[in-house]
Amino acid sequence: MVLIRIVFYFLIIGLLSGCAQMVPLDGGPRDVTAPIPDTNNIQPPHGSVNTFPEKIRIPFNEFIRLNNASANIVIIPDINPKPTYKVKGKDLIIDLKDAQLDSNTTYSFYFNKVVQDISEGNDSIMNYVFATGAFIDSLTYEVMVLDAEQGVPVSQVLVGLYPHSDTLDPYVHKPKYFAQTNTEGKASFNYLAAGKFQVFAFGGSGGRLKPGLSDPIAFLTEPIFLDTLTTELDTMFLFPVLSERFQLKRKEIEAPGKVLVTSTRSFEDATFTIKKDSISVAFQIEKTIQPDSTILWFKGEENKAYQVKVSWPDTSLQTRLFLKKSITPVKVNITTNLDKDNGIEINDTLQLISSLPIQAIDPAHIDIRDEDSTKLDVEFELIDVRKAAVIYPFEAGKSYTMQLYPGAISNINEIEITDTIQFKFSRKEEKNYANLELILNNKPQAPLVLKLFKEKLLYDQQQIGVADTVLHFSLLNPGSYTIQIIRDENENGKWDSGSYSEKIQPEQCIWFRDPIILRANWDNSVTLEF
């Protein structure tokens, strides 16, 4: 007697199509019902065993059409060569005569909005199963995929189960079983055979069963053993792949002479050159937060090509960029580092920030006065390509006014400030800030990095020693804060991605997302439970 372990079902969901429809002449009601399969006449029947069908016929209760069958019908495990699909009247015909079906294998067909009625386009979601062995495989498996650094579920990630092999290469081999994560980050597998599997996941598949070289990936370090029904939920951490190939990922140029370049390699030990017609062009480098990104400023000539070269001690890369004529005239804008209340942070300097590289500052065209209208004798110091610090001991709680007249700040592109610019500001006082004590309860006995985020922007970070159990932050701006803890295994003070080739998982991140609300002139104590 053959044992069939299966839940027999067809799931049909009727959906309304968004397609434009002709209005019926009789004015009758619109058909909103999806095509329904005739389950008694499917050949071979749903749940069949010991069968190697050359053709599957699924009849429906009305005439049908197919919606991109090759993309919207998913077969698990994958079948090669791919079957072909056609409609004959009310029947869906799946041609498998050239398919190489494995023995003792359960095949699941998932029809995702592929079968539609011919009049209204209403479609169905269905599942069809048969086995080439003596029974339908009935094991299940579920896995959660989280973003390794952010700790949030990731949808539309393809998770594959691969028969265990010491030489598995998911960039070469296709998975036997696969599923895609939903909005909760979960991938669910059904109709699985018993066995030992390796679990590998990747994003950006676009329907492929192999990852691209730059796709984010996740993997379980140890294989899984499927032999009984289980409700255990594994968790995988999706991380970006660090490219082993040196390349310039982003290369942009814009008027009046700005080049933005990003690379798969850090620019910390790199040098740059810019040439026009084989002649070197003088430029300035602007500091950026990311070591693999840089901005080069120069006096550009529109409608000209420039050769940009990046050189490392062991290699170099170059690109050719064409500087088009700007559609609108380029203007220079001057801003400051004042907060939304026009305040200077208590331990900071007032900064002037230009939209173009600063060449010189003329104090004779800058007027700064205190609240008694006394003109102040200030100095200026260039601290970056586009930033200058105003050197003066501004007093906390007092108000000041600054006026910039035309000619106050010149730039390498010789674009002048045409209007007088005025700023009113004051230095913030200690009472404008909050203090925070963090008590780390049952924290891991490992090197950690704590990142403090204010309204999703990184505000501060500290490295935490193994023995540290209490941290203090002073002079924090009021607002809502969240915390990320990084298990800093290599003690380099930052989060590190993983490596599949070296079987290294990304460094663990622990998030405390319940908002910590800090109010001005308050001392706050918060306990973090690990």
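As a starting point, this report considers the structure included with it.

**Quick notes on the overall build of the protein chain**
A tally of regular secondary structure across the protein chain gives one helix and 40 strands. Relative to the compact-globule value of 24 Å for 530 residues, the protein chain shows a C-alpha radius of gyration of 32 Å, a clear excess of over 25%. Its C-alpha atoms give the protein chain principal-axis dimensions of roughly 100 × 60 × 60 Å. Looking at the protein chain as a whole, 43% of its 530 residues are labelled buried.

**With respect to the nonpolar core**
Counting 42 residues, the largest nonpolar core has Tyr141, Val159, Leu161, Phe189 and Met236 as its most contacted members. For this core, the element with the most residues is strand β12 (residues 195-202), which contributes five residues. Those residues in contact with Phe189 that sit more than four places away from it in its chain are Leu139, Thr140, Tyr141, Val159, Leu161, Tyr177, Phe178 and Ala179. Of all hydrophobic cores here, the second largest spans 29 residues; its members include Ile295, Leu356, Ile358 and Val385.

**Some details on the sheet that holds strand β40 (residues 523-529)**
Strand order across the open sheet formed by three strands is β37-β34-β40, with mixed pairing between neighbours. Looking at which strands have only one partner, the edges of the open sheet turn out to be β37 (470-476) and β40. Taken over all neighbouring pairs, the strand axes of this sheet differ in orientation by 20° on average, direction set aside. With five bridges joining them, strand β34 (residues 434-441) and β37 adopt antiparallel strand pairing. Residue pairing for β37: Leu436 is matched across the bridge by Phe473.

**Comments concerning the packing of aromatic side chains**
Following the criterion strictly, the structure yields 23 aromatic pairs and no others. Aromatic pair Tyr459 and Tyr481: ring centres 5.5 Å apart, planes at 90°, arrangement edge-to-face. Residue Tyr459 is found in strand β36 (residues 457-464), and its partner Tyr481 is found in strand β38 (residues 479-487); the two are separated by 22 residues along the sequence. It is Lys90 that lies over the ring of Phe63; its NZ or CZ is 5.4 Å from the centre. Stacked on the ring of Tyr500, the Lys or Arg Lys503 has its end atom at 3.9 Å from the ring centre.

How each quantity is defined
Residues numbered from 1 in each chain as written. Predicted model: local features only at pLDDT ≥ 70, side-chain atom pairs only at ≥ 80, totals over all residues. Heavy atoms only, no water. Helix = DSSP H or I, 4+ residues; strand = E, 2+ residues; numbered from the N terminus. Rg over C-alpha atoms; globule rule 2.2 N^0.38 Å. Buried < 20%, exposed > 50% of the residue type's maximum accessible area, 1.4 Å probe, protein only. Core = buried A, V, L, I, M, F, W, Y, C linked by side-chain atoms within 4.5 Å. Contact = heavy atoms within 4.5 Å. Pairing = 2+ DSSP bridges. Axes fitted to C-alpha atoms, helices over the stretch in contact; angles between N-to-C directions. Phe/Tyr/Trp six-rings, centres within 6.5 Å; stacked < 30°, edge-to-face > 60°. Lys NZ or Arg CZ within 6 Å of the ring centre and 35° of its normal.

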